[in-house]
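Structural overview for review
What follows is each chain in one-letter form.
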Amino acid sequence: MERIGILGAGAMGRGIAQIAAAAGYPVIIADANPKAAEDALGFISDLLKRAADKGRMTAEAADAAIKNITVAQGVAAFKDCTLVVEAIIERLDIKRQVFAELEGIVSADCILASNTSSLSVTSIAAGAKLPGRIAGYHFFNPVPLMKVVEVVKATLTEDWVVDRLVTLSKAVGHKPVVTADTPGFIVNHAGRAFGTEGLRILGEGIAATHDIDDVMREGAGFRMGPFELMDLTGLDVSQTVMESVYRQFYDDPKYRPSALAANQMAAGLYGRKTKRGFYVYENGEQQRPAPRPVPTELPKTVWAEGADEKFRVLLGELAAKAGVTVESGAKPSATAIAFVTPVGQDATTSAAELGLDATRVVAVDALFGLATRRTLMTTPVTDPALRDQAHALLASDGVAVTVIHDSPGFIAQRIVAMIVNIASDIAQQRIATPADIETAVKLGLGYPKGPLEFGDHLGAATVQRILDAMFAFYGDPRYRSSPWLKRRAMLGVSLMTAEG
Ligand SMILES: NC(=O)c1ccc[n+]([C@@H]2O[C@H](COP(=O)([O-])OP(=O)(O)OC[C@H]3O[C@@H](n4cnc5c(N)ncnc54)[C@H](O)[C@@H]3O)[C@@H](O)[C@H]2O)c1
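Quick caveat: nothing in here was measured; it's all calculated off a predicted structure. (Residues numbered from 1 in each chain as written. Predicted model: local features only at pLDDT ≥ 70, side-chain atom pairs only at ≥ 80, totals over all residues. Heavy atoms only, no water.)

A few words now on the overall build of the protein. When helices and strands are counted, the protein shows 20 helices and 16 strands. Seen through its C-alpha atoms, the protein measures out along the principal axes to roughly 85 × 50 × 40 Å. Within the protein, contacts between residues separated by at least 24 positions form 70% of all contacts whose residues are at least 6 apart in sequence. On the protein, roughly 20800 Å² of surface is accessible, and the fraction owed to carbon and sulfur atoms is 56%. Within the protein, one finds 51 positive and 56 negative side-chain charges whose respective centroids are separated by 2 Å. (Helix = DSSP H or I, 4+ residues; strand = E, 2+ residues; numbered from the N terminus. Contact = heavy atoms within 4.5 Å. Areas by Shrake-Rupley, 256 points an atom, 1.4 Å probe, with all protein chains shown as cover. Lys, Arg positive; Asp, Glu negative; His and termini not counted. Charge placed at Lys NZ, Arg CZ, Asp CG, Glu CD.)

In terms of burial, strand E15 (residues 373-378) is a largely internal element, 6 of the 6 residues being buried. Burial along E15 is two-sided: the residues Arg373, Thr375 and Met377 and Arg374, Leu376 and Thr378 are all buried. Looking at chain direction, strand E14 (residues 361-364) and E15 are connected through 3 bridges and run antiparallel. Looking at E15, one finds that Ala363 is bridged to Met377. Considered for its hand, the β-α-β crossover made up of E15, helix H15 (residues 384-394) and strand E16 (residues 400-404) is right-handed. (Buried < 20%, exposed > 50% of the residue type's maximum accessible area, 1.4 Å probe, protein only. Pairing = 2+ DSSP bridges. Right-handed = clockwise from strand over helix to strand, strands pointing away.)

This part takes up the packing of helix H1 (residues 11-22) against helix H2 (residues 34-53). Following both chains from N to C, one finds H1 and H2 inclined at 50 degrees, their axes separated by 10 Å at the closest point. Classified by the interaxial angle, the pair formed by H1 and H2 is oblique. For the pair H1 and H2, the sense of crossing is right-handed. Side by side, H1 and H2 meet where Arg14, Ala17 and Gln18 of the first sit next to Ala36, Asp39, Ala40, Phe43, Ile44, Leu47 and Leu48 of the second. Residue composition of the contact of H1 with H2, grouped by class: 7 nonpolar, 1 polar and 2 charged. (Axes fitted to C-alpha atoms, helices over the stretch in contact; angles between N-to-C directions. Parallel < 35°, antiparallel > 145°, perpendicular 65-115°, else oblique. Left-handed = near helix turned anticlockwise from the far one by under 90°. Nonpolar A, V, L, I, M, F, W, Y, C, P; charged D, E, K, R; others polar.)

Within this structure, the stated rule accounts for 11 aromatic pairs. Between Phe194 and Tyr447, the ring centres sit 5.7 Å apart and the planes meet at 50 degrees, which makes this aromatic pair tilted. In this pair, Phe194 sits in helix H8 (residues 192-203) while Tyr447 sits in the loop between helix H17 (434-445) and helix H18 (451-458), placing the two residues 253 residues apart along the sequence. Note on Phe222 and Phe454: the rings are 5.8 Å apart at their centroids and 15 degrees apart in plane angle, and the pair reads as stacked. With Phe222 in the loop between helix H9 (209-219) and helix H10 (226-233) and Phe454 in helix H18, this pair connects stretches of sequence that are 232 residues apart. (Phe/Tyr/Trp six-rings, centres within 6.5 Å; stacked < 30°, edge-to-face > 60°.)

What follows concerns a nonpolar patch on the surface. Side chains of Met490, Leu491 and Val493 sit close together on the surface and give an oily, nonpolar patch of about 340 Å² of accessible area. If you trace the backbone, Leu491 turns up in helix H20 (residues 483-491). (Patch = residues over 30% accessible without salt bridge, like charges linked within 9 Å, V, L, I, M, F, W, Y side chains within 5 Å. Salt bridge = Lys/Arg side-chain N within 4 Å of Asp/Glu carboxyl O.)

With that out of the way, let us pick up H17. Given a rise of 1.5 Å per residue, 12 residues ought to cover 16 Å, and the 16 Å separating the end C-alpha atoms of H17 matches this to within 8%. After H17 finishes, the residue Gly446 shows a positive phi value of roughly 70 degrees. (Expected span 1.5 Å × (residues − 1).)

Another aspect to go through is the UniProt feature "domain: 3-hydroxyacyl-CoA dehydrogenase C-terminal" (unreviewed entry) in the protein. Per the UniProt annotation, the sites labelled "domain: 3-hydroxyacyl-CoA dehydrogenase C-terminal" (unreviewed entry) are residues 184-281 and 409-489. The span residues 184-281 is 58% helix and 2% strand, and its two end C-alpha atoms sit 30 Å from each other. Along residues 409-489, the helical share is 73% and the strand share 0%, with 18 Å between the first and last C-alpha atoms. (UniProt positions renumbered as here; feature names shortened; annotations may be inferred.)

What follows is the structure, given as structure tokens:
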């Protein structure tokens, strides 16, 4: 049985100590600040006792878990440990110093693991006498609830170390995912697209924060929109991760963060914790602008030849109920509103390619939210009166409509395509297996589907089409698609397909 030392009794150290002790492992906690270690024991005891009071564990089990924890003054107490998990301040110089000190105390087969979220584990291990026994062991906050842990195999980490950490993770009730030592590992790497692409949409004036959040929640099925999430996490944390992952990948444009968020961080608008971030919070309540009134004037005639089939059926039903004529000619008449449903393209490009009068064109995202929240997009010259009539018709069955300015890929298409693309690159770079990528993202980020499954659900070829259209429009290598995605789209196979 592992005997576990935990250095650093802050938010993470406490959580790791709690789950290990509850699983029956002897745990020693130490901290540079002795009061922090004492407080941690008090904190864990209270939590476990409360869990027992609520019937989530027996009083005996809570008692036994508390007895498994010892508080020590200094790292000398880790002498007989088989594993030491470091969860101290996120500074490379200090972590390296601490690992050097630990090496002088523990035996040669004791694993030294770091809970770092942003530093290179290989750099932490550099200079160690036995770098092969050093690995990353990255838990998420709050540890007892976030049931996934990244086992980080640094350049010199030996297999036995990974194996033992994988076994321990399962024994404490967490899902281990094994990752190569690359910036952001799996979860913080895979999570980049959500916020950065949301910010890109905001920064381009396509839609407001609450509109982007509504579409991602109700249209695409995420628990929270990107701005709600950044406000919850705190921009001081999110922006730091966005910058760090971007810089560590040598300014790969896929991860390019936003100057808008950098300014907001400089202004101290972190989110809920500062009562103002992307939203203002009053008594903990997110403040939103009054909803845009739903227009009531319906169009006389609409046209949607060549649009997505599901959308055409929906439009037909809405039009029939509302007494609106649906034209079926190859081209719309001069008085009809022309509906298009582009995949990846913006409304302007679609209008131009189809030879339509852009003042009468509105675009609808047929891939996301047709039944839950519809996205309606205009060209820069779409007649506002026609836009409102289209809105009235799309909202006539009570489904909410978000109106946005022109954008390749609307909101959900572009954010989801980037999520799939980045996950595909994680697979392509052999950072983790497709199965571990899915587990890590579902448990670590709480996405409704794993990113590769999301891609399969839309179809790899569709995701590829969205990215290609965005790449063509912006000429920005940010939107180049991963070789993993490209090949599987071409072959028509699942994005979970690994090479044999
Ligand atoms: N908070 C998170 O969401 C989160 C998630 C995953 C990983 N991490 C990583 O876990 C580590 C700890 O983060 P945290 O949020 O628990 O921090 P924290 O500030 O809550 O706790 C850090 C603790 O380490 C102690 N400490 C600092 N320097 C020390 C030293 N030289 N020796 C011994 N103790 C020392 C401090 O006194 C403090 O009690 C960091 O590497 C962080 O990047 C944090």
